[in-house]
Amino acid sequence: MTVCVGVRFCHASLAQDKPITNSVGMQLMPIPPGEFSMGSADGASNERPVHHVRISKRFHLGRYEVTQREFQAVMGENPSLFRLPERPVEKVTWSDAVDFCGKLSQLPAEQAAGRKYRLPTEAEWEYACRAGTTTRYHFGDDPMQLADYAWYRDNANRETHPVGRKKPNAFGLHDMH
């Protein structure tokens, strides 16, 4: 079984269709198989063309971004600038995230549970973010609602914030856009 983490990490194909809490305290939400249109016709050139994608197997994805507490528990360090245990870890490279997945997978309790962690693919991440919707945002087309669901330049005051303070999407994932 694999789990996607990707500063929201992924754990794929569990027979169970329910949330999991792992040995570090990370909550992982089940993401059902499905199909969606990936990309944006009016977005950046790397988002075109819009194309059909099928996610054929259920996977689990972190309900929240990986917190500094979780990262420190696995890696023994916290590289973040805005230091508070329940804020998302930041200042990590792609390689750091891959190393985190590997070390998390090697924890005895995770091995005993048969869980292997990896970063989600771009398609898995977008599918999980969209949560079955076809609108511009997972909550609809009205950008005025974005502050209810995500931290961004206009509402974050140039710093990170504790995870899970915004409304989740339909798959129960927080802080996604």
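Here is a short report on the structure shown in this document. (Residues numbered from 1 in each chain as written. Predicted model: local features only at pLDDT ≥ 70, side-chain atom pairs only at ≥ 80, totals over all residues. Heavy atoms only, no water.)

**Quick look at the overall build of the protein chain**
Okay, step 1: A count of helical and extended segments in the protein chain gives five helices and eight strands.
Okay, step 2: Reading the secondary structure of the protein chain in the N-to-C direction produces β-β-β-β-β-β-β-α-α-α-β-α-α.
Okay, step 3: The globule rule puts the C-alpha radius of gyration for 177 residues at 16 Å, and the 16 Å found for the protein chain is close to it.
Okay, step 4: Counting the 177 residues in the protein chain, one finds 45% classified as buried.
Okay, step 5: Restricting to contacts in the protein chain with at least 6 residues of sequence separation, those with at least 24 account for 62%.
Okay, step 6: For the protein chain, the exposed area adds up to about 9,600 Å²; of that, 50% sits on carbon and sulfur atoms.
Okay, step 7: The average position of the 22 basic charges and that of the 21 acidic charges among the side chains of the protein chain differ by 4 Å. (Helix = DSSP H or I, 4+ residues; strand = E, 2+ residues; numbered from the N terminus. Rg over C-alpha atoms; globule rule 2.2 N^0.38 Å. Buried < 20%, exposed > 50% of the residue type's maximum accessible area, 1.4 Å probe, protein only. Contact = heavy atoms within 4.5 Å. Areas by Shrake-Rupley, 256 points an atom, 1.4 Å probe, with all protein chains shown as cover. Lys, Arg positive; Asp, Glu negative; His and termini not counted. Charge placed at Lys NZ, Arg CZ, Asp CG, Glu CD.)

**Focus on the nonpolar core**
Okay, step 1: By size, the foremost hydrophobic cluster in this structure holds 16 residues, and its most contacted members are Ile31, Ile55, Phe59, Tyr127 and Leu173.
Okay, step 2: Residue assignment for this core shows that the elements contributing at least two residues are strand E4 (27–31), strand E5 (34–38), strand E6 (51–55), strand E7 (59–62) and helix H4 (122–130).
Okay, step 3: Ranked by the residues each element gives to this core, the list is headed by H4, at four residues. (Core = buried A, V, L, I, M, F, W, Y, C linked by side-chain atoms within 4.5 Å.)

**Points about the pattern of salt bridges**
Okay, step 1: The final tally for this structure, using the stated rule, is eight salt bridges.
Okay, step 2: Asp17 is the partner of Arg58 in a salt bridge, and the nearest nitrogen-oxygen pair spans 3.4 Å. Pair noted here: Arg58 is in the loop between E6 and E7 and Asp17 is in the loop between strand E2 (10–12) and strand E3 (20–21), with a separation of 41 residues, a long-range link.
Okay, step 3: With relative accessibility at 22%, the residue Arg58 sits in the partly exposed group.
Okay, step 4: For Glu70, the salt bridge goes to Arg69, with nearest N and O atoms at 3.7 Å.
Okay, step 5: The class for Glu70 is buried, based on a relative accessible area of 7%.
Okay, step 6: Sharing partners across several salt bridges, the network here consists of Arg69, Glu70 and Glu86. (Salt bridge = Lys/Arg side-chain N within 4 Å of Asp/Glu carboxyl O.)

**Some words on helix H2 (residues 94–106)**
Okay, step 1: The end-to-end C-alpha separation of H2 is 19 Å, in line with the 18 Å expected for 13 residues at 1.5 Å each.
Okay, step 2: Among the residues making up H2, those that are buried are Ala97, Phe100, Cys101, Leu104 and Ser105. Projection of H2 onto a plane perpendicular to its axis shows the buried side chains occupying an angular sector of 130°, all on one side.
Okay, step 3: Turning to H2, the residues buried within the fold contact helix H1 (68–75), helix H3 (108–112) and strand E8 (116–118). (Expected span 1.5 Å × (residues − 1). Arc of directions from axis to C-beta.)

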